Amino acid sequence: MKIEHIRVHGFGRLTDFDTGPKTLGRLVVVLGPNEAGKSTLFSFLTTALYGFSPASRELSPYVPWGADEAGGEVVIRLRDGSCASVFRRLRSSPSGTLSVGEATQELRNRPVRWVEHVPRTVFRQVFAITLAELAGLDEDTWGSIQDRVLGSMGASDLRSARAVADELEKEAGEIWRPNRRGNQRLRDLQSRTRALRSRRSEAVERDREIRGLVEERENVHLQLQDARADRHRDKLAVDRVQELIPVKRQLQRIEELKEEAGDEIELQGLPGDLVEHRRRLAERCRRLAGDVDELDAELAGPRAALERYDEASRKLLEHEVAISSFLSRAEHAKADQERVGVLEADLREWTAGLSSALRQLTTSDAATGEAEPAGGEEGHGIQADHLPDLAAVSAVSVDLLRDRVQRLTRVREEEVRERAAADGRSEAAGRHGFPRGQPWSAPGRPGSMTPVLTLVGLGAGLLIWGLLGGPMLATAGGAACLAVGVTLALTRRPRPTPAAVPPSRSRSEELREEVAAMLTGVPVRREFLEPPGDALVSQLERVQELIRARRQARGEVELCRKRLAGLQSAMQELVRELGDELSASLDGVTANDPFQTAAAVGGALEDAETRRGDAQAARREADRLGRSREATASELREAEEELAALDARIADVTGHPAERGVHILQSRLEAMARARRLEEELEHAYPDLADRMARIRSAEEEGATWTVDEEDLARRKRRIEELDETIEALAARGEALERDALHLREQETVDAVDSAVESLREEEDQLKRERDRKWLLAKLVREADRRFREEHQPDLLRRASEYLERLTGGRYDRLMVDEESDGDLFQLMGPQLPTPVPLARPISTGTLEQAYLGLRLAIVDHLDQSEERLPLFMDEAFVNWDDRRREKGLEVLSEVSRSRQVFAFTCHPEMAEDLARRGACVLRLGR
Amino acid sequence: MRFLHIADAHLDTSFTGRSEAVRAQLREASRQAFRRAVDVAIREEVHAVLIAGDLFDSDRLSFQTERFLLDQAGRLGDHGIAVVYATGNHDPGSSREGPRKLPWPQNVRVAADATPRRFLIPDHEGKTVGHVTAVGHADAEVTTDLSRTLPRPSGDLPEVALLHSQVRSSLGADAHGPYAPSDLTFLRHAGFDYWALGHVHVRQQLSDDPPIWYPGSLQGKSYADSGERGGLLVDLSHRGAPAISFRSLAPVRWDTVEVDRLDGVESLDELERAVQMAWSARRDGDPGGPATEWMIRVVLRGPCPLWSELRSGEELEMLGDELTEILGALDVSVLADGVHPVFPLEEHRARTDVLGEALRLVDAVSRGEQALAGIDAAELAGAPSDDERALAAYTRRLLSGTEGEIAARLLEDEGS
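Keep in mind the model is a prediction, meaning the values are calculated, not measured. Residue numbers here run from 1 along each chain, matching the order of that chain's written sequence. The naming scheme follows written order: chains are lettered A onward, ligands numbered 1 onward. Local features in a predicted model are, by the rule used here, given only for residues with pLDDT of at least 70; side-chain atom pairs are given and counted only at 80 or more, and totals for whole chains, interfaces and linings are based on all residues. Neither water nor hydrogens contribute to the side-chain values; these are computed over all heavy atoms in the structure.

## Concerning the overall build of chain B
Phase 1: Helix numbers and strand numbers start at the N terminus; a helix is a DSSP run of H or I with at least 4 residues, a strand a run of E with at least 2. Check the secondary structure of chain B and you find ten helices and 17 strands.
Phase 2: Note on classification: 1.4 Å probe, protein chains only; a residue is buried when its accessible area is under 20% of the maximum for its type, exposed when over 50%, partly exposed between these limits. For chain B, the proportion of its 416 residues judged to be buried stands at 56%.
Phase 3: Sequence separation of at least 24 residues holds for 70% of the intrachain contacts in chain B that already meet a minimum separation of 6.
Phase 4: The Shrake-Rupley method, run with a 1.4 Å probe sphere, supplies the accessible areas, and residue values consider only the shown protein chains as cover. For chain B, the exposed surface amounts to about 17,200 Å²; the carbon and sulfur share of it is 46%. Any two residues whose heavy atoms approach within 4.5 Å are treated as being in contact.

## A short note on the overall build of chain A
Phase 1: When helices and strands are counted, chain A shows 28 helices and 14 strands.
Phase 2: Across the 927 residues that make up chain A, the buried fraction comes to 42%.
Phase 3: Within chain A, residue pairs in contact and separated by at least 24 positions form 71% of the contacts whose partners lie at least 6 positions apart.
Phase 4: Accessible surface, chain A: about 49,100 Å² in total, of which carbon and sulfur atoms supply 49%.

## As for the confidence of the model for chain A
Residue and element names in this part refer to chain A.
Phase 1: Known as pLDDT, the predictor's confidence for each residue is given on a scale from 0 to 100. On average, residues of chain A score 83 in pLDDT, and 87% of them reach the 70 mark or higher.
Phase 2: pLDDT under 50 marks residues 433–447. Its contacts with residues more than four places away, or in other chains, come to 22 contacts.
Phase 3: pLDDT under 50 marks residues 496–501. Its contacts with residues more than four places away, or in other chains, come to six contacts.

## What to know about the packing of aromatic side chains
Each pair of aromatic rings is reported with the distance of its centres and the angle of its planes.
Phase 1: What counts as a ring pair is set by centres within 6.5 Å for rings of Phe, Tyr and Trp (its six-membered ring), and what kind of pair is set by the plane angle: stacked under 30 degrees, edge-to-face over 60, tilted for all other angles. Under the counting rule described, the total for this entry stands at 18 aromatic pairs over all chains.
Phase 2: Where Phe826(A) meets Tyr852(A), the ring centres are 6.3 Å apart and the plane angle is 90°; that geometry is what we call edge-to-face. Separated by 26 residues along the polypeptide, Phe826(A) in strand β10 (residues 826–829) and Tyr852(A) in helix α26 (residues 845–863) bring together distant segments of the chain. Each member of the pair, Phe826(A) as well as Tyr852(A), is classed as buried.
Phase 3: Relative to Trp104(B), the ring of Tyr85(B) lies with its centre 5.8 Å away and its plane at 75°, an arrangement referred to as edge-to-face. Of the two residues, Tyr85(B) is situated in strand β3 (residues 82–86) and Trp104(B) in the loop between β3 and β4 (108–111); the sequence distance between them amounts to 19 residues.
Phase 4: Judged by relative accessible area, Tyr85(B) falls into the buried class, the value being 1%.
Phase 5: Site record: aromatic cluster; members linked through ring pairs are Phe42(A), Tyr50(A), Phe123(A), Phe127(A), Phe873(A), Phe903(A) and Phe905(A).

## Some points on the pattern of salt bridges
It is possible for side chains bearing opposite charge to pair when their charged atoms get close.
Phase 1: Every case where a carboxyl oxygen of Asp or Glu lies within 4 Å of a side-chain nitrogen of Lys or Arg is listed as a salt bridge. One pass over the structure, following the stated rule, counts 100 salt bridges over all chains.
Phase 2: Between Arg624(A) and Glu621(A) there is a salt bridge; the shortest N-O distance is 2.5 Å. Within this pair, Arg624(A) and its partner Glu621(A) are both found in helix α20 (residues 594–654), separated by three residues, close to a single helical turn.
Phase 3: One network of salt bridges, in which partners are shared, links Arg159(A), Glu167(A), Glu171(A), Arg773(A), Lys774(A), Glu405(B) and Arg409(B).

## Some thoughts on the interface of chain A and chain B
Phase 1: Counting residues at the interface gives 53 residues for chain A and 52 residues for chain B.
Phase 2: Taken together, chain A and chain B are joined by six salt bridges.
Phase 3: Between Asp751(A) and Arg27(B) there is a salt bridge, and its shortest N-O distance comes to 3.2 Å.
Phase 4: Between N or O atoms, a polar contact is any pair within 3.5 Å; within protein, one atom must be a potential hydrogen donor and the other a potential acceptor, and residues adjacent in sequence are included only when both atoms are from side chains. In this assembly, chain A and chain B are joined by 19 residue pairs in polar contact (both at pLDDT 80 or more).
Phase 5: Those elements that place two or more of their residues in the side of chain A that touches chain B are α5 (161–175), α6 (185–261) and α24 (750–792) of chain A.
Phase 6: Per-element tally for the side of chain A that touches chain B: the top contributor is α24(A), with 29 residues.
Phase 7: Under the scheme applied, nonpolar residues are Ala, Val, Leu, Ile, Met, Phe, Trp, Tyr, Cys and Pro; charged residues are Asp, Glu, Lys and Arg; polar residues are all the others, including Gly. Of the residues assigned to the side of chain A that touches chain B, the class counts are 21 nonpolar, seven polar and 25 charged.

## Description of unusual backbone geometry
Phase 1: Omega for the bond connecting Glu530(A) with Pro531(A) falls within 30 degrees of zero, at -20°, which places this linkage in the cis form.
Phase 2: Mapping Pro531(A) onto the fold places it in the loop between α17 (507–518) and α18 (534–577).
Phase 3: Positive phi, normally seen in glycine, also occurs at Arg108(A), with a value near 55°.
Phase 4: The topology assignment puts Arg108(A) in the loop between β7 (103–106) and α2 (120–127).
Phase 5: Of note in the backbone geometry, Asp8(B) takes a positive phi value of approximately 50° without being a glycine.
Phase 6: Summarising the element assignment, Asp8(B) is placed in the loop between β1 (2–6) and α1 (20–43).

## Concerning the nonpolar core
Phase 1: One finds Ile6(A) and Phe903(A) to be the most contacted residues of the largest nonpolar core, which totals 86 residues.
Phase 2: No other element matches α26(A), which puts ten residues into this core.
Phase 3: Apart from the residues lying within four places of it in its own chain, the contact partners of Phe903(A) are Ile3(A), Ile6(A), Leu24(A), Val28(A), Val30(A), Leu45(A), Pro871(A), Leu872(A), Phe873(A) and Met874(A).
Phase 4: Within this scheme, the nonpolar core is defined by two criteria: the residues are buried Ala, Val, Leu, Ile, Met, Phe, Trp, Tyr or Cys, and they are joined through side-chain atoms within 4.5 Å. Among the nonpolar cores identified, the runner-up in size contains 35 residues, and Ala165(A), Val354(B), Leu380(B) and Leu391(B) belong to it.

## Looking at the packing of helix α13 (residues 398–421) of chain A against α17(A)
All names here are of chain A.
Phase 1: Close contact between α13 and α17 brings their axes to 9 Å; oriented N to C, the two are set at 160°. Relative to α17, α13 is oriented roughly antiparallel. Between α13 and α17 lies a crossing of left-handed hand. Packed against α13, whose contacting residues are Leu400, Leu401, Arg404, Val405, Arg407, Leu408, Val411, Arg412 and Glu415, the element α17 presents Arg507, Ser508, Leu511, Arg512, Glu514, Val515 and Met518 at the interface. Axes here mean lines fitted to C-alpha atoms, for a helix over just the part in contact, with angles spanning 0 to 180 degrees between N-to-C directions. Roughly parallel means an angle under 35 degrees; roughly antiparallel, over 145; roughly perpendicular, 65 to 115; everything else is oblique. Handedness of each helix crossing follows the sense of rotation of the near helix against the far helix: counterclockwise by less than a right angle gives left-handed, clockwise gives right-handed.

## Structural notes on the packing of helix α11 (residues 320–361) of chain A against α20(A)
All names here are of chain A.
Phase 1: The N-to-C vectors of α11 and α20 enclose an angle of 145°; their axes lie 10 Å apart at closest approach. Relative to α20, the crossing made by α11 is left-handed. Residues Glu320, Ile323, Ser324, Phe326, Leu327, Ala330, Ala333, Lys334 and Gln337 of α11 pack against Pro594, Phe595, Thr597, Ala598, Val601, Gly602, Leu605, Glu609 and Arg612 of α20.

## With respect to helix α23 (residues 710–745) of chain A
Residues and elements named next belong to chain A.
Phase 1: One fewer than the residue count of a helix, multiplied by 1.5 Å, yields its expected span. For α23, with 36 residues, the first-to-last C-alpha span of 51 Å sits near the 52 Å given by 1.5 Å per residue.
Phase 2: All buried positions along α23 are accounted for by Asp712, Leu713, Ile720, Leu723, Ile727, Leu730, Ala731, Gly734, Ala736, Leu737, Ala741 and Leu744.
Phase 3: Check the buried side of α23 and you find it contacts α6.

## Here we look at the sheet that holds strand β2 (residues 48–52) of chain B
Residue and element names in this part refer to chain B.
Phase 1: Note on pairing: two strands pair once DSSP finds at least 2 bridges between them. Across the sheet, which stays open at both edges, the six strands sit in the order β4-β3-β2-β1-β13-β14 with mixed pairing between neighbours. Lying at the two open borders of the sheet, with one neighbouring strand each, are β4 and β14 (243–248). In this sheet, neighbouring strand axes are inclined to one another by 20° on average, regardless of whether the strands run parallel or antiparallel.
Phase 2: Examined bridge by bridge, β1 and β2 share four bridges and lie parallel to one another. Looking at the pairing, phenylalanine 3 lines up with alanine 48 of β2.

## A few points about the environment of His348(B)
All names here are of chain B.
Phase 1: Of note, histidine 348 is situated in helix α6 (residues 345–349).
Phase 2: Counting along the chain gives 63 residues from histidine 348 to leucine 411, while the straight-line C-alpha distance between them is 9.9 Å.
Phase 3: Apart from the residues lying within four places of it in its own chain, the contact partners of histidine 348 are Phe343, Leu355, Gly356, Leu359 and Leu411.

## Structural notes on the environment of Glu255(A)
Residues and elements named next belong to chain A.
Phase 1: Its place among the elements puts glutamate 255 in helix α6.
Phase 2: According to the relative accessible area criterion, glutamate 255 is partly exposed, its value standing at 48%.
Phase 3: Sequence separation between glutamate 255 and alanine 675 is 420 residues, and the spatial gap between their C-alpha atoms is 7.5 Å.

## Examining a negative patch on the surface
Phase 1: Here the term patch refers to residues with relative accessible area over 30% and no salt bridge, with like charges joined within 9 Å and nonpolar side chains (Val, Leu, Ile, Met, Phe, Trp, Tyr) within 5 Å. Lys and Arg are tallied as positive, Asp and Glu as negative. Neither His nor the chain termini are counted. Charged groups are reduced to one reference atom each: NZ for lysine, CZ for arginine, CG for aspartic acid, CD for glutamic acid. A cluster of acidic residues, Glu638(A), Glu640(A), Glu641(A) and Glu642(A), forms a negative patch at the surface.
Phase 2: Residue placement: Glu641(A) occurs in helix α20.

## Here we look at the pairing of strand β4 (residues 70–77) of chain A
Residue and element names in this part refer to chain A.
Phase 1: Most of β4 is tucked away: six of the eight residues are buried.
Phase 2: Bridging between strand β1 (residues 2–11) and β4 involves seven bridges; their strand directions are antiparallel. Of the residues in β4, the one forming a bridge with valine 8 is glycine 72.
Phase 3: The pairing of β4 with strand β5 (residues 83–90) spans eight bridges and is classified as antiparallel. Of the residues in β5, the one forming a bridge with alanine 70 is leucine 90.
Phase 4: Between β4 and β5, which pair antiparallel one after the other, the connecting turn spans five residues, and glycine 81 there sits at a positive phi close to 95°.

## Considering the sheet that holds strand β12 (residues 872–875) of chain A
All names here are of chain A.
Phase 1: Strand order in the open sheet formed by five strands is β8-β12-β13-β3-β14, with parallel pairing between adjacent strands. This sheet does not close on itself; its edge strands, each paired only once, are β8 (128–130) and β14 (921–924). Neighbour to neighbour, the strand axes of the sheet diverge by 20° on average, direction disregarded.
Phase 2: Here strand β3 (residues 27–31) pairs with β14 via four bridges, running parallel. Of the residues in β14, the one forming a bridge with valine 29 is valine 922.

## Focus: the pairing of strand β11 (residues 204–207) of chain B
Phase 1: Pairing geometry for β11(B) and strand β12 (residues 212–214) of chain B, over three bridges, is antiparallel. Counted as the bridge partner of Gln204(B) is Tyr214(B) from β12(B).

Rendered as structure tokens:
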């Protein structure tokens, strides 16, 4: 980097300074008297490259008097040949621009990028060499330079080892420093620990105090107990007089009464009015005995009724059904007897009627109705020699006969009309007709009616047998056979066969024959057949009705007679069975008269039923009375037992007979009752009776007397008052002590303080370890740095030695670092020296300055050896040098300017001239 | 003879914890553990409770705890259970608030100095079932072997020795003061049927025949006291076949869980899940009782994208609070010193620059191959002593695992 042009608008004492159109060379001499602005120009160039510092107009020393701003511009040529212009201005705030070619960049107050490898401080310290600084290099600057030059060799990502070590030491120092200066966390902790130790003492004292308080409280408690005991005794004495004696007296009276009453257990369960109770009990016994006797008398009536209902009555009633049946049959038999009379009269009448009707109808003479039939049903009441075949009469179907008769009547009328019409021509026909007066007979076939008649006979026999007392089945079977036989007889009645009628017969003739056939066996009078007409039918119908009525009446008579016979045998059987029982009733009754017997038996049965009813009612009454008697008797027994028990207990308890003992016991009971009443009154009067009694007992146990001493009473009352005050005071004191102890116990205890101390100690130990670790780390970093530098420093020192040799003309040829040294860091070595000598007095100032100049030039070379080479500023550097040294110095300077622009500030024109001769351009500054 | 053997209850001892509430709960836990011991003794109908020292810390015994102790002893007395108590270095007989000053109930026998005392142990009907010979610490720094003062026992009944002692060969003895040191070989041949020891807080059996036991502390006090804590139920009814079983009594347990696979953890939620999984895995097979409260220390190690957040004390406090909630613990504290950014540490270690140099150096120092020069104990806040070896060990311990932090600080990007 080479500064080619400088233009200062205003910067400190420099105003409108311009280096002019000619570019500055590599070696520039700035010539001017003291105070001309040489240092200001250096500061301006530094500002141009790095920015304003300080960056505040108020604080900046470079804002000219009367101006509002400071600023200027430099043009620099870079090593690649390019040109850059830097403009800086400080108004209210700093600003700056960097122009490279056409491009302009805002810098604000940042350094230009080509100087970033050298910090401003290092630039000012190393690149500006003043007379004062030439003779030495302070430790910090040297350290910083080493960091820059050596520590970062080949490692741009590392921070300065020295800075890191400083940082660690600083952090360590904040925790603890051996010299006890500054704020230290460890010291804070230690002071807190000390404070806690003080609190520990307080806690120990507090614990002691608690023990004292507790001890005192226990003493107070004992005193309190004593005082309370005293007061209790006195109060008891007073109570005895004031409160307990009345109670005590009452209790004594109660005791006396209880003593009089004797053993309470003996009186338990006894009524209070024992005498009266016993009297009532005896009276009750007597009354109940009377009741039992009365009930026994009432029971005699029902018992007699029960006896009247004897065995004979019971046997009769056992046969009540049979007797009732007999009585019922006797009653029916009476009706049957009367019915037979009526029926027999009817039979006689119907027989006469039948005889008459038969006589009218038939040719035979009918007998009178007075005659009894000799045998057979049909002949009853009719003379046997005149008896027509009634069965044949009955067998004629009246309806069929009526039909044929009517048809015959119509046919005859038709034939009359035909004969009238054909009278002439029918005379011949008349010869061939049915002869008049021909007897009515029809040829039959006797063999075909035989089974029918047999069936009818069988039926009639069975019917008669049933009606005369045979089984009902015989009656029913007989009726059925009879009905079937009659029906068959009717349906199988012989008919005139056509073969029997001559073909020439007329229709009327045929019908007449048919009627005659129907009347076969019935000798009907001729007048009823010439011709057969309605009279025949009516007469036959009447005869048949009379036959049926007679037959029915005779059956009924037979039945009645049969029942009468049954009654007789039933009576005999009953008399045989109940002869003994009925003997009295049958006395005077005609033997075998069923009707008298029935009346006697009925009366006997009625008597038996009456006795039975009476006996049942008597049993119910006897039961009721028996129960009543049993209850009364039971009650009587209980009463007697109770009385006996009471008397026994009285005798047992008193040792006297009941009559006397009861009065003794009554007296004891009354004493007990009085004692209880007194107790109740006591309880009512003294609700705190239990307490008083306890106090009385307590006082008695203590051997208290129950006499009243007024003087003692007054003394005790006074002492109670005093004790009350004492107790109150002691209790208050005890509470206060308790409260104080409790309060103290809530405070911090020794172990709590010790725990806090322990925690602080642990924290302290941890802090110490942290501090020592940081400190050791700083040590370690420095050691590592030193070792590294030791290994890598030779290059820098070699270059410095080269400069030194040239500057000293070979007198010294080596510059060395003594890391072990406590004092001087650098050492010099030369051909004339046997051992290195410290770079310090007594070496001459000129030699010191030569050595440090060589070191600085080597450092500068190292600092930017691979970067833009920054300008070097020399301020009267050689002014104290002798000519020979100055010559060597200027030579070296001239040589350096070949690789780096050098600004040499001087107020000595001859120096400027010397440099000018060596190619330097001269800038002149005036005051 | 049946008895409950407990030791090192340290009632009223100090506990460390993040908050006073937690510390108060821990202090209460000691009392609760003792109460449970009494409950077990009553329930199991033992004949005696043997207390092998350090029942409380003499200079801290508060009035409340004193009353508590007397109440519990009274409960045992009510059930006819004898208490034999040999003092230890924390509750020596000579101390001002020591056991001799307490108004013990009748059933409590105290051995409070170096004079051995032999106590008859009766059963509940008054018949002697065994003997306990006890010797106590008269003061806080007994350095003599008290076990050798016990007379050799004889007789047909079980003989038990009760002592607060550091058996030299016991596990964890280094963590305790060498008070009343004793020799295991001597104990084995001293003629007792059982040695009831106290002092070392780790439960352990030093000998099988005769049984020589430390029951461990009744309630753990710090993360060093991990594992179940309680007492030993001992049945010597058959002298040749003692039956010894452990009874867990401590309501609070301490444990540390390390979580070192954090390179994929991108958020606080993921970190909490990782911790939760690690904790679950740790509890496999040892879940603790249903009412167990946990004091958990979570140690985070290795590369983690959240490393910068985990360098903040406030963040760690907050994480601890959330994990306390998530894990249902009494308290969770989180240590993240070993967490560093996710970067290729091996590549950095091979670098030719200050970082590589520093990483190689810290490795060498951690392994003890090199030492940092110029370390002065006076410049260290927590130097254990001036002793060079102790200092070197301290340095090694502090620098171990700091590679990540070194890299993080030196690297421009990572350290920002």
